[in-house]
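Each chain is listed here by its residues.
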Amino acid sequence: MAESTRGRIQAVALELFTENGYEKTSLREIAERLGVTKAALYYHFKSKEEIVSSFSEDRLARLDELIAWGEAQPPKPERRQELLSRYADEFFASNHPSVMRFYEQNQTVAKTMSSGMDMRDRMLRVASLMADDVDDPAEQLRAALALFAVHGSWFAIRQDIPLEERKRVALDVAEDLWRPRISP
């Protein structure tokens, strides 16, 4: 029961932080939205920062697994394609879009909290793995942008697009970006 309460707190806090901003959301508002007392909320989390760290830790652990897999593979286009596919599978199967939207809309948190800096570091490591098999700067940029095409699908595509279609479009665009260019 405690884990489901903890998960509900994370989900509601993430929703409020994204809607109202991290700084403008109080623990009292989170407790009210949940219909629990502040004491019940404090039992699970002592601060807003603890809540952010908790939902970020799960995401960071999954990114670490992806990075470890990528680092264990030889750097070649097939690894890039599989890395992107695994990233998209994880991205679309979790609360990751909500977490990324939170960081996008709360830049101060992303720049000042350790969890925000850790998230940025992991994303840069995944982007680096996407491009470590090419020397041409333009191809490096295309490979890294392919990863961010997955993210962009949550901001640049209408919100009424079904999840599977959103994922397919994101991967199609990503593949268009990183596929090697053939000179005429």
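By convention here, each chain's residues receive numbers from 1 onward along its written sequence. Only residues with pLDDT of 70 or above have their local features reported here, since the model is predicted, and side-chain atom pairs are shown and tallied only from 80 upward, although totals for entire chains, interfaces and linings are computed over all residues. Only hydrogens and water are removed before side-chain values are computed, so all heavy atoms of the structure are retained for them.

A closer look at the layout of surface pockets
Line of reasoning, step 1. Each pocket or cavity is described by its volume, and for the largest pocket that value is around 370 Å³.
Line of reasoning, step 2. Lining the largest pocket are 15 residues, and of these Met100, Tyr103, Glu104, Gln107 and Arg120 sit closest to its centre.
Line of reasoning, step 3. Comment: elements are numbered from the N terminus, with helices defined as DSSP H or I runs of at least four residues and strands as E runs of at least two. Secondary-structure elements contributing two or more residues to the lining of the largest pocket are α6 (96-105), α7 (107-112), α8 (114-131) and α9 (137-152).
Line of reasoning, step 4. Any residue that is not Ala, Val, Leu, Ile, Met, Phe, Trp, Tyr, Cys, Pro, Asp, Glu, Lys or Arg is counted as polar, Gly included; the first ten are nonpolar and the last four charged. Of the residues belonging to the lining of the largest pocket, the class tally is 8 nonpolar, 4 polar and 3 charged. Both cavities and pockets are sets of points on a 1 Å grid over the protein atoms alone; in a cavity a 1.4 Å probe fits but cannot get out, in a pocket the set is open with protein on both sides within 12 Å along at least five of seven lines, and lining residues sit with an atom within 4 Å of a point. Grid points are joined across faces, edges and corners, and a volume is the space filled by probe spheres set on the points.

Topic: the domain arrangement of the chain
Line of reasoning, step 1. For each domain, the first and last residues come from an automatic or database assignment. In terms of domain boundaries, the chain breaks down into domain 1 (1-46) and domain 2 (47-178).
Line of reasoning, step 2. When each unit is reduced to the centre of its C-alpha atoms, the spacing between domain 1 and domain 2 is 26 Å.
Line of reasoning, step 3. Facing the 16 residues of domain 1 at the interface are 17 residues of domain 2.
Line of reasoning, step 4. Computed with a 1.4 Å rolling probe, the buried area is the accessible surface lost when two parts are put together, summed over both parts. Here domain 1 meets domain 2 over a buried area of about 1400 Å², counting both sides, of which 67% is carbon and sulfur.
Line of reasoning, step 5. Per-residue buried area on domain 1 facing domain 2 is highest for Leu14, Thr18 and Tyr22; these three make up 46% of the total on that side.
Line of reasoning, step 6. Definition used for salt bridges: Asp or Glu carboxyl oxygen within 4 Å of a side-chain nitrogen of Lys or Arg. At the junction of domain 1 and domain 2, the tally comes to 0 salt bridges.
Line of reasoning, step 7. Nitrogen and oxygen atoms within 3.5 Å of one another constitute a polar contact, given that in protein one can donate a hydrogen and the other can accept it, and given that sequence-neighbouring residues count only through two side-chain atoms. Between domain 1 and domain 2 we count 7 residue pairs in polar contact (both at pLDDT 80 or more) in total.
Line of reasoning, step 8. At the level of secondary structure, the elements contributing two or more residues to the side of domain 1 that touches domain 2 comprise α1 (2-20) and α2 (27-34).
Line of reasoning, step 9. Counting residues per element, the side of domain 1 that touches domain 2 draws most heavily on α1, at 7 residues.
Line of reasoning, step 10. Counted by class, the side of domain 1 that touches domain 2 contains 8 nonpolar, 5 polar and 3 charged residues. Two residues qualify as a contact provided that any one of their heavy atoms is within 4.5 Å of a heavy atom in the partner residue.

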